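# Topology and contacts: notes
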Amino acid sequence: MPTIAPDPTTVSAIDWQQNDLYRFFALVFGPPTRECFNLLSQIAMPKALNDLWSNLKCEGEFPGFEWFSSYEQYEEAYIGLFDVGVPEPPVPLFESAHDKSRPAPEIALENTCFYEVLGLKSNPNRAVPDYLVTQLEFLAAVRYTSEKTSEEATAVALEHAEAEFLERHLLNWLPMAKTKLDGTGAPGFPVLMTLLVQFLANRHALGTR
């Protein structure tokens, strides 16, 4: 995760190239935590995210970043956007809630098959296999393993697996989730989702060169 200096105004100096953005976005879209709230409440975080917007080459001008003034507001907004709603939340963070072309069990099974490439399993007590955070944590593990292996063939195979997983799963449903989230007018989260989708598109492009 980004290393935050004691002075909150120095957060704009985050070296995004040296931080695992898969894990960063798993944190900010995961269940509410004080760690996430404190990170995104830093005075200079808007400048840091502006820098990330430029680094990722997002379309258009950076729209600014407004965060919540209290942990309680952040928690309430998160629950209202992603967890609670009738018949479902405004923006569920599950692939099967957006991709209706296949049965949910089929989507979950295919996610699980990808995870088994690294011998990983999602914990059913914490989340289903097609949960956004589970998918991002898997990709973080793939990227880490790829960068640490000394075998070129293994690294290439993992890069291809990353690109295929992005295409078949995250990039298959997150743009739809982004459109829904943009329509809510919520603070903070739409900008973070735009950054996430652009980051994933960039990673996919790298893996398919």
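Computed from a predicted structure; not experimentally measured.

About the cut-offs
Residues numbered from 1 in each chain as written. Predicted model: local features only at pLDDT ≥ 70, side-chain atom pairs only at ≥ 80, totals over all residues. Heavy atoms only, no water. Helix = DSSP H or I, 4+ residues; strand = E, 2+ residues; numbered from the N terminus. Buried < 20%, exposed > 50% of the residue type's maximum accessible area, 1.4 Å probe, protein only. Contact = heavy atoms within 4.5 Å. Areas by Shrake-Rupley, 256 points an atom, 1.4 Å probe, with all protein chains shown as cover. Phe/Tyr/Trp six-rings, centres within 6.5 Å; stacked < 30°, edge-to-face > 60°. Lys NZ or Arg CZ within 6 Å of the ring centre and 35° of its normal. Salt bridge = Lys/Arg side-chain N within 4 Å of Asp/Glu carboxyl O. Core = buried A, V, L, I, M, F, W, Y, C linked by side-chain atoms within 4.5 Å. Axes fitted to C-alpha atoms, helices over the stretch in contact; angles between N-to-C directions. Parallel < 35°, antiparallel > 145°, perpendicular 65-115°, else oblique. Left-handed = near helix turned anticlockwise from the far one by under 90°. pLDDT = per-residue confidence, 0-100.

A tally of helices and strands in the chain yields eight helices and zero strands. In sequence order, the secondary structure elements of the chain are arranged as α-α-α-α-α-α-α-α. For the chain, buried positions account for 47% of its 209 residues. Look at the contacts in the chain between residues 6 or more apart in sequence, and 68% of them connect residues 24 or more apart. Roughly 10,700 Å² of accessible area belongs to the chain as shown, and the carbon and sulfur atoms make up 53% of that amount.

Counted according to the given criterion, the structure contains 23 aromatic pairs. On the basis of an interplanar angle of 65° and a centroid distance of 6.1 Å, the ring pair of Y78 and F189 is categorised as edge-to-face. Pair noted here: Y78 is in helix α4 (residues 71-83) and F189 is in helix α8 (residues 189-207), with a separation of 111 residues, a long-range link. Across the pair, F189 and Y78 agree in class, each one buried. Between the NZ or CZ atom of R34 and the centre of the ring of Y71, over which it lies, the distance is 4.0 Å.

This part takes up the pattern of salt bridges. Evaluated as defined, the whole model comprises ten salt bridges. For E95, the salt bridge identified is with R102, shortest N-O distance 3.7 Å. Take E95 and R102: they sit in the same class, and that class is buried. E110 is the partner of R168 in a salt bridge, and the nearest nitrogen-oxygen pair spans 2.6 Å.

General note: in soluble globular proteins, nonpolar side chains tend to be found buried as a group. Membership of the largest hydrophobic core comes to 60 residues, with the highest contact counts inside it found for F25, F29, L49, L170, L174 and F189. For this core, the elements supplying multiple residues, two or more each, are α1 (21-28), α2 (34-40), α3 (45-56), α4, α5 (104-115), α6 (132-148), α7 (152-182) and α8. With nine residues, the single largest contributor to this core is α8. Discounting residues that sit within four places of it in the chain, L174 has contacts with L132, M193, L196, V197 and L200.

Below, the discussion takes up the environment of N55. Inspection of the secondary structure assignment puts N55 in helix α3. On a C-alpha basis, the gap between N55 and W16 in space is 8.4 Å, while along the polypeptide they are 39 residues apart.

A word on the packing of α5 against α6. The packing of two helices is summarised by the inter-axis angle and the distance between the axes. Their axes nearest at 11 Å, the elements α5 and α6 cross at an angle of 20°. In terms of axis orientation, α5 runs roughly parallel to α6. Here α5 runs over α6; the crossing is left-handed. Contact with α5, carried on its side by N111, F114 and Y115, involves T134, Q135 and F138 of α6 and no other residues of that element.

Along the polypeptide, P175 turns up in helix α7. Residues P175 and V197, spaced 22 residues apart in sequence, show a C-alpha to C-alpha distance of 6.8 Å.

Structurally, E162 is set in helix α7. Those residues within four positions of E162 in sequence are excluded, and the remaining contacts are Y22, L139, V142 and R203.

Further remarks concern unusual backbone geometry. The phi dihedral of K57 falls on the positive side, at around 60°, and the residue is not glycine. Structurally, K57 can be placed in the loop between α3 and α4.

Moving on: the confidence of the model for the chain. For the chain, the average pLDDT comes to 87, and 87% of its residues sit at 70 or higher. Per-residue pLDDT, averaged within each element of the chain, yields its smallest value for α5 (88) and its largest for α4 (97).

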